[in-house]
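Notes for the structure review
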Amino acid sequence: MSVHSQYNLQSHFNAEVTVVCGTRNVSIMQLLDADHIINYTSDSFVNKDERYDLILAINGNYLLSDYKKALKYQGRVVIVGGSLSQLLKSLTFGKLLFLGSKKLHTLSAKPSTADLQMILQLVEQKKVIPVIDRFYPLDQTAVALNYLQQGHAQGKVIINIDEAISSSEY
Amino acid sequence: MKAIIYDKESKEEKLILQEVQKPLPSENEILVKVHSTAVNAADYRSMKMGLIPKNKIFGADVAGTVEVIGENVKNFSVGDEVVGDLSAHGFGGFAQYVPANESAWVLKPQSISFDMAASVPMSSVTALQALRLGNVQPGQKVLICGSGGGVGTFAVQLAKSL
C-alpha cells in the first residue's frame, strides 16, 4: 500500500504528447490524437531540439544518454517494463548517468482495482479507446503469444474463449 | 474444461490445449466463466524466467461472467460480468473457467464488450502508473517511445486525457 498511497489518484494529465512510432502506427496515433508524431523510420527525437518533461520508454533501443539529452531540467525518464537488458542497463548505468537534476525511474506496475475501475470509466465515456489488433481462439494461444513477442502488435492481442469452443469442439 | 497448459518438459510446443478438471472456487474466490482474455508480455516473460503458475495456466487479463461464488464472497453474485488482472492471483486466464480471490475483480460496465474489457487491465494500469511516476502536470511535454503496443496506445490517450 505504501507505494500507492504516495500517489494521488490522478488520471487526467492534459499533457502535450509526442509519440515515436513506425510508419504502420502513424494512422493509429493520429486517431488517438497524439499532438506530434515522430516516425522512427525517417526521423529521430535524438536529433531534435525539443526537450521533454517526461519520457516514457516503453520500447525501442535508445541509449539512456539519448533520453537524458532530450529531457528538460528536472525532467524524468520512466522505463516501463521493457526487455530485461534495458532494465539492467538502467539499473547499473542509470544511477550514474542521472546523478544531476534529471531523474531515471523504472516502473514496477502493480495490479490495482481502483486504477482499473477509473480507466473502465474513461472507456465507458469513450475518453479512452482500447486498441485491439487481433483476435485468436483459445487453441491458438501459443500463436497469439508468439505474435505479441515479435513486438509489432498494434494495441492488444485478444483470446476469445467463446470462439474457441465453437471452432474446436472435441 | 479446456485450458492451455504450459508443459515445460515438452520439446516443441509448450502451450497445449488440454481437457482438465473444471476448478471450484475456495471460500474467498469467485469462479469466472472466461469470455475473453488478453496475452501480455508478463506471460512470456514469466515463462522465460521459469515462474510457472501453480495450475500451469497463464493468462492475466480476464473478462467473463461469475459462475460460482465462494461462501465468504461479499461483493459479487452469480451472473455478474467482471474483469480483472490475475497476475498477482496465480494467472489462469487461458481457460474456460478461472477461480480467483474476489479482491482481483471489478464489475465490467455493461456498455463495454468482453473483448474490449479484457484488453484493459494490465496495459492501461501500467500506462497510468507510469504517468503518475513521471509526475506529469497539465501542459507538460511528454515523449512516448514505443507508442504502438498495448501500454503505449493507452499511455498516449491517458497522457492527453482532460
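Analysis parameters
Residues numbered from 1 in each chain as written. Chains lettered and ligands numbered in written order. Predicted model: local features only at pLDDT ≥ 70, side-chain atom pairs only at ≥ 80, totals over all residues. Heavy atoms only, no water. Salt bridge = Lys/Arg side-chain N within 4 Å of Asp/Glu carboxyl O. Helix = DSSP H or I, 4+ residues; strand = E, 2+ residues; numbered from the N terminus. Buried < 20%, exposed > 50% of the residue type's maximum accessible area, 1.4 Å probe, protein only. Domains from an automatic or database assignment. Contact = heavy atoms within 4.5 Å. Buried area = accessible area lost by both parts, 1.4 Å probe. Disulfide = S-S within 2.5 Å. Phe/Tyr/Trp six-rings, centres within 6.5 Å; stacked < 30°, edge-to-face > 60°. Pairing = 2+ DSSP bridges. Right-handed = clockwise from strand over helix to strand, strands pointing away. Nonpolar A, V, L, I, M, F, W, Y, C, P; charged D, E, K, R; others polar. Axes fitted to C-alpha atoms, helices over the stretch in contact; angles between N-to-C directions.

A word on the pattern of salt bridges. All told, the structure shown has eight salt bridges over all chains when counted by the stated rule. Residue A:D35 pairs with B:K160 through a salt bridge whose shortest N-O separation is 2.7 Å. With A:D35 in the loop between α2 (26–31) and β2 (36–39) and B:K160 in helix α4 (residues 150–160), this residue pair bridges two chains. Of the charged contacts, one joins B:K22 and B:E67 as a salt bridge, the two residues approaching to 3.2 Å between their closest N and O atoms. Within this pair, whereas B:K22 is found in the loop between β2 (15–19) and β3 (29–38), its partner B:E67 is found in strand β4 (residues 61–69), the two being separated by 45 residues in sequence.

Residue and element names in this part refer to chain A. One non-glycine residue, Q74, adopts positive backbone phi at about 65°. The topology assignment puts Q74 in strand β4 (residues 71–80). The class of Q74 is exposed, set by a relative accessible area of 55%. Phi at K126 is positive, roughly 60°, even though this residue is not glycine.

Residue and element names in this part refer to chain B. As far as domains go, chain B holds domain 1 (2–119) and domain 2 (121–162). Facing 11 residues of domain 1, the contacting portion of domain 2 comprises four residues. Between domain 1 and domain 2, the buried area comes to about 500 Å², and carbon and sulfur atoms account for 66% of it. Among the residues of domain 1 in contact with domain 2, N40, D61 and S119 are the three that bury the most area, contributing 57% of the side total. Taken together, the connections running from domain 1 to domain 2 amount to zero salt bridges.

What follows covers the state of the cysteines. Such a bond, covalent and formed between the sulfur atoms of two cysteines, is termed a disulfide. Applying the stated rule across the entire model yields zero disulfides over all chains. Of all cysteine sulfurs in the structure, the one in B:C145 sits closest to A:C21, which takes part in no disulfide; the separation is 11 Å. Taking the relative accessible area as the measure of exposure, A:C21 reaches 3% and is therefore buried.

Right, let's talk about the packing of aromatic side chains for a bit. Going through the model one piece at a time under the given rule, you end up with five aromatic pairs over all chains. Where B:Y6 meets B:F58, the ring centres are 5.6 Å apart and the plane angle is 85°; that geometry is what we call edge-to-face. Taken together, the residues B:Y6 in strand β1 (residues 2–6) and B:F58 in the loop between α1 (41–49) and β4 connect sequence positions 52 residues apart. For B:Y6, a relative accessible area of 9% translates into the label buried. Grouped by ring-pair contacts, the aromatic residues A:F45, A:Y62 and A:Y67 constitute a single cluster.

Where a strand is regular, its side chains alternate between the two sheet faces. The element strand β7 (residues 156–160) of chain A is largely enclosed, with a buried count of five among its five residues. Every second residue of β7(A) is oriented toward a common face, with A:K156, A:I158 and A:N160 on one face and A:V157 and A:I159 on the other, all of them buried. With five bridges joining them, strand β6 (residues 132–137) of chain A and β7(A) adopt parallel strand pairing. Residue A:R134 lies in a different strand from β7(A), and its bridge partner there is A:V157. A crossover connection joins β6(A) to the parallel β7(A) through helix α7 (residues 141–149) of chain A; in handedness this β-α-β unit is right-handed. One ladder, built from three bridges, connects β7(A) with β3(B); its direction is antiparallel. Note on β3(B): the bridge partner recorded for A:I158 is B:A38.

Moving on to the interface of chain A and chain B. Counting residues at the interface gives 90 residues for chain A and 85 residues for chain B. Buried area between chain A and chain B, both sides added, is near 7,600 Å², and the carbon and sulfur share of it is 65%. Here chain A and chain B share three salt bridges between them. Its salt-bridge partner being A:E50, residue B:K141 comes within 2.9 Å of it at the nearest N-O pair. For the side of chain A that touches chain B, the element with the most residues is helix α6 (residues 113–124) of chain A, which contributes 10 residues. Broken down by class, the residue content of the side of chain A that touches chain B amounts to 51 nonpolar, 23 polar and 16 charged.

Once that is clear, we can look at the sheet that holds β4(A). Strand order in this open sheet of six strands is β2(A)-β1(A)-β8(B)-β3(A)-β4(A)-β5(A), and the pairing throughout is parallel. Since the sheet does not close on itself, it has two edges, and those belong to β2 and β5 (103–107) of chain A, each with one partner. Pairs of neighbouring strands in the sheet enclose a mean axial angle of 20°, with direction left out of account. As judged from the five bridges shared by β4(A) and β5(A), these two strands associate in the parallel manner. Bridging across to β5(A), A:V78 finds its partner in A:H105. The strands touched by helix α3 (residues 121–133) of chain B are β3 (52–57), β4 and β5 of chain A; relative to β5(A), the strand with the most contacts, the crossing angle is about 155°.

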